[in-house]
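Inside the fold
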There are 2 protein chains.
Amino acid sequence: MDNKKTSGGGIQPSPERPTLKTIAFMTGLGITTVSRALKDAPDIGAETKERVRMVARQLGYQPNRAGVRLRTGKTNVIALVLSIDEEIMGFTSHMVFGISEVLAGTQYHLVITPHSHSKDPLVPVRYILDTGSADGVIISRTEPDDPRVELMHQRGMPFATHGRTNMGISHPFHDFDNEAFAREAVRALVAKGRRRIALLQPPGKLNYYLHTQIGFQTGLREYQAQEVPLRASTDTTLAEIKDTVEALMRSPHAPDGIVCSSSAGAIAVNAGIEAAGFHLGHDIDMVAKQSTDVLSWIRPEIIAIHEDFRHAGRELGKAVIARIDGIEPELLQSISSPIWPKG
Amino acid sequence: MDNKKTSGGGIQPSPERPTLKTIAFMTGLGITTVSRALKDAPDIGAETKERVRMVARQLGYQPNRAGVRLRTGKTNVIALVLSIDEEIMGFTSHMVFGISEVLAGTQYHLVITPHSHSKDPLVPVRYILDTGSADGVIISRTEPDDPRVELMHQRGMPFATHGRTNMGISHPFHDFDNEAFAREAVRALVAKGRRRIALLQPPGKLNYYLHTQIGFQTGLREYQAQEVPLRASTDTTLAEIKDTVEALMRSPHAPDGIVCSSSAGAIAVNAGIEAAGFHLGHDIDMVAKQSTDVLSWIRPEIIAIHEDFRHAGRELGKAVIARIDGIEPELLQSISSPIWPKG
DNA sequence: CTTTTCTACTGTATCGTTACAGATTTCCGC
DNA sequence: GCGGAAATCTGTAACGATACAGTAGAAAAG
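Here goes a summary of the coordinates provided. (Residues numbered from 1 in each chain as written. Chains lettered and ligands numbered in written order. Predicted model: local features only at pLDDT ≥ 70, side-chain atom pairs only at ≥ 80, totals over all residues. Heavy atoms only, no water.)

Our focus in this paragraph is the overall build of chain A. When its secondary structure is counted, chain A shows 13 helices and eleven strands. In terms of overall dimensions, chain A is more spread out than a globule: its C-alpha atoms have a radius of gyration of 26 Å, far above the 20 Å expected for 343 residues. Reported as C-alpha extents along the three principal axes, the dimensions of chain A are approximately 85 × 50 × 40 Å. Counting all 343 residues of chain A, 55% fall into the buried class. Expressed as a percentage of contacts within chain A between residues at least 6 apart in sequence, the contacts between residues at least 24 apart total 65%. Surface accessibility of chain A: about 15,900 Å² in total, with carbon and sulfur atoms responsible for 51%. Chain A carries 38 positive and 39 negative side-chain charges, and their two centres are separated by 6 Å. (Helix = DSSP H or I, 4+ residues; strand = E, 2+ residues; numbered from the N terminus. Rg over C-alpha atoms; globule rule 2.2 N^0.38 Å. Buried < 20%, exposed > 50% of the residue type's maximum accessible area, 1.4 Å probe, protein only. Contact = heavy atoms within 4.5 Å. Areas by Shrake-Rupley, 256 points an atom, 1.4 Å probe, with all protein chains shown as cover. Lys, Arg positive; Asp, Glu negative; His and termini not counted. Charge placed at Lys NZ, Arg CZ, Asp CG, Glu CD.)

The next subject is the sheet that holds strand β9 (residues 285–290) of chain B. The pairing of strands in a sheet happens through backbone hydrogen bonds and is either parallel or antiparallel. Residues and elements named next belong to chain B. Pairing in this open sheet of five strands is parallel, and the strands run β7-β6-β8-β9-β10 from one edge to the other. The open sheet has two free edges, formed respectively by β7 (226–228) and β10 (303–306), since each of these has just one partner strand. Averaged over neighbouring strand pairs, the angle between their axes works out to 25 degrees when direction is ignored. For strand β6 (residues 196–200) and β7, the ladder comprises three bridges, and the chain directions are parallel. Residue pairing across strands places Arg 196 opposite Gln 226, the latter belonging to β7. Where helix α8 (residues 178–191) meets the sheet, its contacts fall on β6, β8 (257–260), β9 and β10, and the angle it forms with β9 comes to roughly 155 degrees. Across the sheet, helix α11 (residues 263–275) is in contact with β6, β8 and β9; its angle to β9 comes to roughly 155 degrees. (Pairing = 2+ DSSP bridges. Axes fitted to C-alpha atoms, helices over the stretch in contact; angles between N-to-C directions.)

On to the sheet that holds strand β7 (residues 226–228) of chain A. All names here are of chain A. Read from one edge to the other, the open sheet built from five strands follows the order β7-β6-β8-β9-β10, with strand pairing classed as parallel. On the outer flanks of this sheet lie β7 and β10 (303–306), each paired with one strand and no other. This sheet shows a mean twist of 25 degrees between the axes of neighbouring strands, independent of strand direction. Relative to β10, strand β9 (residues 285–290) is paired through four bridges, and the arrangement is parallel. Along β10, the bridge assignment pairs Val 287 with Ile 303. Together, β6 (196–200), β8 (257–260) and β9 form the strand contacts of helix α11 (residues 263–275), whose direction differs from that of β9 by roughly 155 degrees.

Before going further, it helps to spend a moment on the protein's contact with DNA strand D. Neighbouring residues of DNA strand D: 25 residues in total, closest A:Thr33, A:Thr48, B:Ser35, B:Lys39 and B:Tyr61. In DNA strand D, atoms within 4 Å of the protein come 54% from sugar and phosphate. One of the backbone nitrogen or oxygen atoms of A:Gly45 is found 2.8 Å away from a phosphate oxygen of DNA strand D. Interatomic distance of 2.8 Å between a backbone N/O atom of B:Leu20 and a phosphate oxygen of DNA strand D. At the level of secondary structure, the elements contributing two or more residues to the surface near DNA strand D comprise α2 (31–38) and α4 (65–72) of chain A together with α2 (31–38) and α4 (65–72) of chain B. With five residues, the single largest contributor to the surface near DNA strand D is α4(B). Here the residues of the surface near DNA strand D are counted per class, giving nine nonpolar, twelve polar and four charged. (Near = heavy atom within 4 Å. Polar contact = N/O pair within 3.5 Å; in protein donor to acceptor, adjacent residues only side chain to side chain. Nonpolar A, V, L, I, M, F, W, Y, C, P; charged D, E, K, R; others polar.)

With an RMSD of 0.1 Å, the operation that places chain B on chain A is a rotation of 180 degrees combined with a shift of 0.1 Å along the axis. Here the copies are linked by what is in effect a two-fold axis. Within chain B, the C-alpha atom positioned nearest to the axis of rotation is that of B:Gly90, 1.9 Å from it. Most of the interface of chain B is mirrored in chain A: 80% of its interface residues are interface residues there too. (Least-squares fit on C-alpha atoms with pLDDT ≥ 70 in both.)

Lining the immediate environment of DNA strand C, one finds 24 residues, of which A:Ser35, A:Lys39, A:Tyr61, B:Thr33 and B:Thr48 sit closest. Sugar and phosphate atoms form 59% of the subset of DNA strand C atoms that lie within 4 Å of the protein. Backbone polar atom of A:Leu20 to a phosphate oxygen of DNA strand C: 2.8 Å apart, as the coordinates give it. Here B:Gly45 contributes a backbone N or O atom positioned 2.8 Å from a phosphate oxygen of DNA strand C. Elements with a minimum of two residues in the surface near DNA strand C: α2 and α4 of chain A together with α2 and α4 of chain B. When residues of the surface near DNA strand C are assigned to their parent elements, the largest contribution, four residues, is made by α4(A).

This paragraph deals with unusual backbone geometry. The phi dihedral of A:Asn76 falls on the positive side, at around 60 degrees, and the residue is not glycine. Of note, A:Asn76 is situated in the loop between α4 and β1 (77–83). With a relative accessible area of 11%, A:Asn76 lands in the buried category. Positive phi outside glycine occurs at B:Gln224, with the angle close to 50 degrees. The residue B:Gln224 is located in the loop between α9 (207–222) and β7 in this model. The exposure class of B:Gln224 is exposed, given its relative accessible area of 61%.

Structure below.
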């Protein structure tokens, strides 16, 4: 046996990776036959298929991705376009885990395509389209009228979005029911005797801002509560949120209930409330979304609604694959309901 | 044999994505010449190179990855092996963002290779090696004697680890100085007059458990404090941590200081302390690591040390690329120091 | 004026796969 | 026995890139 040194850079060849040629040689068949046998083509004999499959399994044959990709154009890649800007609580990782979970059972690899949401959001999508580097794309931070959706739709690239759009294009998506969340949040606060309610809302250009607003307004109307305006969003820095809330609490318009669209925001809001000398559960109540159950640990008084990002990841992964397989987009749209704490 | 079309003759420019052939046609050169010109090979004329580069830029030429990969074996992929098991605070995403940031300026794509840390950790690494699906690998949750490191080293696969190993193999890594963290944490607690100190430690099989332990023990000795044993680790569920801490606080051996190796753990520890009727900053002090500044928002009394995972991601990305380029591993090892709050 | 050397460029084979157009054998029906 | 269909299998040519072994022409050497 020859002793190879492992040194800088080069990968040592595995004990020679098997190709179709290897199997062809071992079975005495042609390369084409082997290829077709492994795809279960109708013009290959049953016994031959069996033999080929046995040898392939035995050798641990895995098709060479570069070969397939070059010949067929199929990349076997799903691209996840991610904003790499600051994120306080890492819900992104849960989504990545969910997608990974689904892709693990398939031939697809997950490629992270980063971008900064201060830059042109079309850049990463255009890159993927122009270089043909993925069979399907998942995007988040969806806007009501999203140019990325427009572009991918137009170019026929299968994709799924985290969050709906509102542009007359039917496409796969998964969304959290922010409308129900906000509406029910108001209801829960009113049930606790609260009537003057503030909302820490999502950034205005994202789609779920709209749903949150609609739900909130509906809730106010339906359960007869009043809105107390809060000049901050979940994209505002925590320090600013805290200061704004503190000032609001000290003002004559202080709310007695508050709805928070993010858990990081909820923490800052709570800090503002306490800085003003008030206490959750006593002077004021809060309903907040959370992706992990930290909030409940921090302040059990917070009514914490769970948004399951791992589930969202799974749904998005499944949807984009199904879309690649030609399933109609209308069948690949799902909305998950807020999960309320027991009792 | 048939006369094939040659570069001088009848090649039609593709209306699709440009290839070397397109550029060859437009410049009137051979495909090989174009390829070599774009690589700045020494045997191509300066003026020719200039012309080729101009046309390539103009067409927005990007080499076809499948072509390169098939011919050269170079994948231009960095694989990040990630545990997809529950993670409370999402530090993983920060690491992903850091790596992405570095790779964005290169030809490398980032592929997420998931695995469950309850399963054999070698599976994803073996898959990458056997299918040759990456040029470099980044792994986390490094163990003192890590079989993945052993395997990749042996097969000559460039890699970088988050966390050191202790197995006589020199390889790129980035690590947080957990020893300094634990030692200084004890010091900070002693400075506050605390003497009976407990440690919420990392899971025993991971490498940084050792460093944390050494630092902690050194601190105890150096600053004359006593260890109060705590039967839990950061991998224990939050509910269990809380119960354990609560019981400990009620016992005659209650600590008056505690060091936490994770922020999620710190939240549970705090819950336990409060459940037992004690208060941070009054009866007991806590030093804890955090990857985002949530802890400080939740309980400003917690002395929160910042561990920068985005920075770690950047370092790991740079290290693995440098290793692929043949830089010696000894030059690709970095340790980042705990960042203490001001004052 | 020939030979050698050098510069600048090019054709061919190849990586592993699949589409496509045969090719061979078997098995019918009549 | 024969035409023809069915059932199986196979060779060749790509996909886009690069390694390698050239070649043509000019310049330098003799």
